[in-house]
Amino acid sequence: MKFFIDTGSVQEIREAAELAVLDGVTTNPSLLAKEKGNPFEILKEICNIVPGPVSAEVIATDTAGMLKEAGNLVKIADNIVIKLPTTKEGVKACKVLSSEGVKVNMTLVFSPNQALIVAKAGAAYVSPFIGRLDDISSEGMQLISQVGQIYANYGYETEILVASVRHPMHVVEAALLGADVCTIPAKVLHQMFQHPLTDIGLEKFLSDWKKANG
Ligand code: G3P
């Protein structure tokens, strides 16, 4: 499973890139709004740090506006992926961009039908929002399972990108279900490395060594 980091923070991306497990980045307007500076410049810097796919989302809500913005975003770097909302207008833009060879990540997906539609429109990635479904007492991971089954039934190549991840068990469940990608907030990525028995074990190894060898 590929690990993307879900952030607009250049510092978080640099730190994650050093961990040698990072395959890409997802941003969204809310994440970039938290950062100081020009969003285009921030995206450019991110694309220089991470050679893998970097999702950049449009703000327009009509197809023509989305296509215009996408045209500017793709100029930032070769690894930019255009992120579009899963609305009728977004799906139309997805079809156009995908047929031109531009990689599209369809975001704000909350149902199997939306996932089916974006695959038919040629999306490179589908982003079901797991945490936000859990927040409303729905089973986020059930959606991943259903989308996986639907895509397998028809051989759709759209990659399942698990988004709105809130804790390390979401990542485990995504991997158990065979998701292609999980986009992970920095805090959760760092939590994934932690195990108290690793810390205790290391401390014991080092103290035993010190006792024997000084
Ligand atoms: O990038 C989209 C998604 O991961 C947002 O997550 O935590 O705002 O629901 P969240």
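Preceding this paragraph is the structure being described.
Residues numbered from 1 in each chain as written. Predicted model: local features only at pLDDT ≥ 70, side-chain atom pairs only at ≥ 80, totals over all residues. Heavy atoms only, no water.

## With respect to the overall build of the protein
- If you tally the helices and strands in the protein, you get 11 helices and 8 strands.
- When the 214 residues of the protein are sorted by exposure, 45% land in the buried category.
- Sequence separation of 24 or more characterises 55% of the internal contacts of the protein that already satisfy a separation of 6 or more.
- When the accessible surface of the protein is summed, it comes to about 11,400 Å², and 56% of that surface belongs to carbon and sulfur atoms.
- Computed over 19 positive and 24 negative side-chain charges, the separation of the two mean positions in the protein equals 2 Å. (Helix = DSSP H or I, 4+ residues; strand = E, 2+ residues; numbered from the N terminus. Buried < 20%, exposed > 50% of the residue type's maximum accessible area, 1.4 Å probe, protein only. Contact = heavy atoms within 4.5 Å. Areas by Shrake-Rupley, 256 points an atom, 1.4 Å probe, with all protein chains shown as cover. Lys, Arg positive; Asp, Glu negative; His and termini not counted. Charge placed at Lys NZ, Arg CZ, Asp CG, Glu CD.)

## Re the environment of Ala115
- Among the structural elements, Ala115 can be located in helix α6 (residues 112-120).
- Between the C-alpha atoms of Ala115 and Val188, which are 73 residues apart in sequence, the distance is 25 Å.
- Not counting the four nearest positions on each side in its chain, Ala115 is found in contact with Val109, Val126, Val147 and Tyr151.

## Re the site of the ligand
- Taken together, Asp6, Asn28, Lys83, Phe129, Arg132, Ala163, Ser164 and Arg166 form the complete shell of residues around the ligand.
- One of the side-chain N or O atoms of Lys83 is found 3.3 Å from an oxygen atom in the ligand.
- Take Arg132: an N or O atom from its side chain is 2.6 Å from an oxygen atom of the ligand.
- Tallied by class, the residues present in the shell around the ligand amount to 2 nonpolar, 2 polar and 4 charged. (Near = heavy atom within 4 Å. Polar contact = N/O pair within 3.5 Å; in protein donor to acceptor, adjacent residues only side chain to side chain. Nonpolar A, V, L, I, M, F, W, Y, C, P; charged D, E, K, R; others polar.)

## Concerning the sheet that holds strand β3 (residues 54-57)
- Taking strand neighbours around the barrel as the criterion, the 8 strands line up as β1-β2-β3-β4-β5-β6-β7-β8 in a closed arrangement whose pairing is parallel. Going across the sheet, the axis of each strand differs from the next one's by a mean of 30°, ignoring polarity.
- Alignment of strand β4 (residues 80-85) against strand β5 (residues 104-109), held across 4 bridges, turns out to be parallel. Each bridged residue has a counterpart across the sheet, and for Pro85 the counterpart in β5 is Thr107. (Pairing = 2+ DSSP bridges. Axes fitted to C-alpha atoms, helices over the stretch in contact; angles between N-to-C directions.)

## Examining the packing of aromatic side chains
- Scanning the model with the defined rule gives 4 aromatic pairs in all.
- Residues Phe4 and Tyr125 carry aromatic rings whose centres are separated by 6.1 Å and whose planes lie at 70° to one another, so their mutual orientation is edge-to-face. Of this pair, Phe4 sits in strand β1 (residues 2-6) while Tyr125 sits in strand β6 (residues 125-128), and the two are 121 residues apart along the sequence. In terms of burial, Phe4 and Tyr125 fall into one category: buried.
- Between the aromatic rings of Phe110 and Phe129, the centroid separation amounts to 5.6 Å while the plane-to-plane angle is 70°, which identifies the pairing as edge-to-face. Taken together, the residues span a long stretch of sequence, with Phe110 in the loop between β5 and α6 and Phe129 in the loop between β6 and α7 (130-135) at a distance of 19 residues.
- A relative accessible area of 7% means that Phe129 is categorised as buried. (Phe/Tyr/Trp six-rings, centres within 6.5 Å; stacked < 30°, edge-to-face > 60°.)

The quantities given are spatial measurements derived from coordinates; they are silent on function.
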